[in-house]
Each structure stands twice: as C-alpha cells, then as structure tokens.
Amino acid sequence: MSPLKPPRARRVAVVGGARVPFARSDGPYATASNQEMLTAALDGLVERHGLQGPGAVGEFVAGAVLKHSRDFNLARETVLGSTLDPRTPAYDVQQACGTGLQAVIAAANKIALGQTESAVAGGVDTASDAPLGVNDRLRRILLEARRAKSPGARVKALAKIRPAHLVPDIPRNAEPRTGLSMGEHAAVTARAWGITREAQDELAAASHQRLAAAYERGFFQDLVVPFRGLARDQNLRPGSTVEKLAALKPVFGLDAPGPTMTAGNSTPLTDGAATVLLASEEWAEARGLEPLAYLTAYETAAVDFVGGDVAGGEDGLLMAPAYAVPRMLERAGLGIEDFDLVEIHEAFASQVLATLAAWEKRGLAPVDRARLNTAGSSLATGHPFAATGARVVATLAKLLAERGGPGRGLISVCAAGGQGVTAILERT
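Keep in mind that this is a model prediction, so the values were computed, not measured.

Here's the deal with the overall build of the protein chain
Then, number 1: The helix and strand inventory of the protein chain stands at 13 helices and 12 strands.
Then, number 2: Computed over the C-alpha atoms, the radius of gyration of the protein chain is 22 Å, within 12% of the 22 Å expected from 2.2 N^0.38 for a compact globule of 428 residues.
Then, number 3: With the C-alpha coordinates of the protein chain rotated into their principal frame, the extents come out at 75 × 60 × 55 Å.
Then, number 4: Taking all 428 residues of the protein chain together, the buried fraction comes to 56%.
Then, number 5: Long-range contacts, defined as pairs at least 24 residues apart, comprise 80% of the intrachain contacts of the protein chain with a sequence gap of at least 6.
Then, number 6: For the protein chain, the accessible area works out to roughly 18000 Å², and carbon and sulfur atoms hold 54% of it.
Then, number 7: Both charge centroids of the protein chain, one from 45 positive and one from 45 negative side chains, sit 7 Å from each other.

This is how it looks when you write it as structure tokens:
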C-alpha cells in the first residue's frame, strides 16, 4: 500500500471584509456585548457577499481577548445569532492583539490544504464591558461553602465574608510577569531606541489624516457596517496635527526624564469587531467574486520580555515583529523594497518607530513612509484587541486591489505577552 501524498498547498484568496466602526470605550457601544458586535460585523459580510445559503461558508474562526463567561463558544454562538447558515462550524482562538490575524492564518491553512473551500475569520473586543472577577478571597469562601457537608458548616463558611471581600477584581492592562502596563513597557522600548516625541506625533497625525482621507474618498464604503449610530470610527480626528498633539501631556514613562508617550500617540481603549472572507480561487470564481489579494506567507515570533535584552530594546514587550518579519522575508526570498504597501499595527507610535529601526538594524531596507499605513491605522481607528488583525487584512487587501496591477503588502502586528504575528498579501 503506497503512502498518502501530502496535499499541494493552494492559494488562499482574501475576498472581502466587514467591520463595525470602532468606538472609544464607555461610548456608543458601552452596552454592546462581544457577541452583538461580532454578529453585526458577520452579518454585514454575509449580506455583501451573498453568503446566506446553506453551506455557503465552510467555517467561522474568531476570538476575543476580554471575555465574559457568557462568551463561552463565542464564535459558534455568533454564527447561531447571525444570518450565516446555522450548520456552519465555528471555534475560538486567542493570541492577545494578534488574535484577528491568527484567526485568518488558522482559516487560511485549512483552505490551503483543501480541508475547506471558504472560511470567515475575525475578532471582537469590548473594553467598556470588561469582565469583573470575583474577589479571590470571596471566591475561596464561596467554594468552602459549596464543599460544606452540612447547613451549619455552610453558614459558618459564609460568616467569614467581610465587606472588603465584595470588591471585584477589575481587569488590568498589565503583564502578569512584570506588573507593567503595555504603555509602560512601550516607554522603556522608546527610550532604548531613542524615539523622539516629535517623530511619534508626526506618525499619529499622519494616521488620522490618512484615515480621514480614506473615508472621504469612499474607501471604507464596502468595508464598514454602520452600528449603533456610528458610520465612522469614533476615535478619528481629521484635524489632528503635530502642533495639536504636541500640546498633550505625557502619560507613560513618567518615572524617567523626558517622557514622550501621550494619549495622542497611543491607541485608546476601544470597542469593535471585524471579519474577513477567505476562500480558494475555485470557490471565489464559482460565485463570481473577485479576490482582492492572496495570503502567501505568515510568521509568528515571541521575545523574552522578562529576562531578555529589554533595556537594550531588542526584547521589548512589543518587539517580536522585529524577529518575525526578517525571518518571514528570508523564507520568502524577499526584502522590504519588494513591498508596495506596509501595514504595521499602531499600538503606540513609539512601537511602530522602534520596529522600523529594528528592521533596519537587522539588515532590512528602510520603509518608505509613503507606503506605510496609507489608509491610517490603529492610532486613528482605535484598537479593539482581537479585531485589529482582521481589520488590517481586509484594508490591505483592498488597498492592493485598488492599485489595479500586481502588488505585494506586508502586515506586522505586535501582541501582549511579547508576541508578534506577521503576514504577506500579494496580487499577481
């Protein structure tokens, strides 16, 4: 009996995307759940690409970073509440800020291997409705009461509850290993790489101006689904300038001289959801859908942000793409100069600039700023953690398609936990 031959990898097409406008936390989406937002984004994708029929999509892959217990089986419950065929399988993934792109990769792998013909990937997060945990001391008392063998023992356990035990555990934007917030970690990296305040404000202003211009020319008309009264990203400030941003006070890195990071050159806490449709070429052709681009390579990496070269900038919390991208490009036989567009998730302006500097230090060519985040990015749109990857993939695919001819785009997403997820999109 001859051994089975491994399947030949197929090209994976990015067919389209849909997302709700992103909103600042405690704003228009303050009472919207992860499932409600993700369902709205998915329904927009279904409507725009005619995915209502039985078996139209092979699988749905999505995730969230901030999840309630009610978000159990989030992707599957989203399918069941959407206009997608309820017989569509679904599962959750989570890799911090890389979740959306990792969901795309997971779906793409199955399409590439012929295990499915089409899939939807995405992500969602609400910073407004972050889960509140039971105080750990209260939790232990409640568990003791549950284990009690008699009513008297149960009452005795519950009698231990004190007012202080009723204070909930509120999620913190801090790394468990260091206790530092993402912003404080980024401030350490900014100092290590010598990133200036002016350079950060220039990048942030450009992000807002480019996003505003993209909206004005109708670029997002088929990518953004109005939701709860919003038709545009709420964080967008079309009038942002370097001069206006320069007036803001630093909010991170205040423990060292010359802090440079402000609320204006850092992403705000954000609510939102995004989805992207992936398929084989045959599936798209059969339905008369023109692929925007093809996902041709991806790479993940992680750094030791606890014990590595953190002070030197090499292993800062958000620096994993500095390792992932050179590795991916070497494997693909490409250089930065081979890319028409570059999309770097803007967790912080300082992080983008440090990543660019690190790529050059590793021998890559400088990125032409005219090709970087040409339709704006996270500093302007906001950053619902798990949704960003899907937003970037759909945006970059359409930007490449707009060019009309062959083109290539690079995606770089940093993530909490010292991780990075990167990918390449191409048109031939």
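Moving on from the coordinates now.
As for the side chain of Asp85
Then, number 1: Within the fold, Asp85 resides in the loop between helix H2 (74-80) and strand S4 (90-92).
Then, number 2: With residues up to four places along the chain from it excluded, the contact list for Asp85 reads Gly53, Pro54, Gly55 and Val79.

Examining unusual backbone geometry
What you tend to see is this: most non-glycine residues have negative phi, and most peptide bonds are trans.
Then, number 1: The phi dihedral of Asp26 is positive, around 60 degrees, even though this residue is not glycine.
Then, number 2: Its location among the elements puts Asp26 in the loop between strand S2 (23-24) and helix H1 (34-49).
Then, number 3: By relative accessible area, Asp26 is classed as exposed at 61%.
Then, number 4: Positioned with a positive phi, Asn73 is a non-glycine residue whose angle comes to about 60 degrees.
Then, number 5: Position of Asn73 among the secondary structure elements: in the loop between strand S3 (60-63) and H2.
Then, number 6: A relative accessible area of 33% places Asn73 in the partly exposed class.

The rules we used
- Residues numbered from 1 in each chain as written.
- Predicted model: local features only at pLDDT ≥ 70, side-chain atom pairs only at ≥ 80, totals over all residues.
- Heavy atoms only, no water.
- Helix = DSSP H or I, 4+ residues; strand = E, 2+ residues; numbered from the N terminus.
- Rg over C-alpha atoms; globule rule 2.2 N^0.38 Å.
- Buried < 20%, exposed > 50% of the residue type's maximum accessible area, 1.4 Å probe, protein only.
- Contact = heavy atoms within 4.5 Å.
- Areas by Shrake-Rupley, 256 points an atom, 1.4 Å probe, with all protein chains shown as cover.
- Lys, Arg positive; Asp, Glu negative; His and termini not counted.
- Charge placed at Lys NZ, Arg CZ, Asp CG, Glu CD.

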